[in-house]
Amino acid sequence: MDKNTLKIILIFPVIFLIIAPLVKFPYGVYILLRLVVFGSAACMIYFSYKNTKQINVTVLLFSFIALLFNPFFPIYLSREVWLPIDFIVAGVYGYSYLKIIKES
């Protein structure tokens, strides 16, 4: 996976995570949010482990995000609890995006 593909994989969750808590969508959109965040976190775990051949902070952080947003065994929290979580996770994705741009 090249860096341009990884940038695209990182930008979609940021958009979803910022918009989702601000607008009340049908439940299906939140399922899509879980799928997008889970899939992109899995890609980040794979990409980071493939490049470093070790478990590092990126692998652990995105593993936690993947568990939190997993669509198979969802964690149900109130909207008020998800709001800061979504913004924090968007920040993690944004930081990772900027870090990849800086390395390019």
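Residues numbered from 1 in each chain as written. Predicted model: local features only at pLDDT ≥ 70, side-chain atom pairs only at ≥ 80, totals over all residues. Heavy atoms only, no water.

Caption draft 1: Focus on the nonpolar core. Counting 21 residues, the largest nonpolar core has Leu17, Val37, Phe62, Ile65, Phe69 and Tyr93 as its most contacted members. Among the secondary structure elements, those contributing two or more residues to this core are helix H1 (3-19), helix H2 (27-52), helix H3 (57-68) and helix H4 (79-103). The leading source of residues in this core is H4, at 6 residues. (Core = buried A, V, L, I, M, F, W, Y, C linked by side-chain atoms within 4.5 Å. Buried < 20%, exposed > 50% of the residue type's maximum accessible area, 1.4 Å probe, protein only. Helix = DSSP H or I, 4+ residues; strand = E, 2+ residues; numbered from the N terminus.)

Caption draft 2: Quick peek at the packing of H2 against H3. At a minimum axis distance of 8 Å, the contact between H2 and H3 shows a crossing angle of 160°. Considering their axes alone, H2 and H3 lie roughly antiparallel with respect to each other. Helix-helix and strand crossings are classified by hand; for H2 and H3 the assignment is left-handed. Judged by residue contacts, Arg34, Val37, Phe38, Ala41, Met44, Ile45, Ser48 and Tyr49 of H2 engage Thr58, Val59, Phe62, Ser63, Ile65, Ala66 and Leu68 from H3. Considering only residue class, the contact of H2 with H3 consists of 11 nonpolar, 3 polar and 1 charged. (Axes fitted to C-alpha atoms, helices over the stretch in contact; angles between N-to-C directions. Parallel < 35°, antiparallel > 145°, perpendicular 65-115°, else oblique. Left-handed = near helix turned anticlockwise from the far one by under 90°. Contact = heavy atoms within 4.5 Å. Nonpolar A, V, L, I, M, F, W, Y, C, P; charged D, E, K, R; others polar.)

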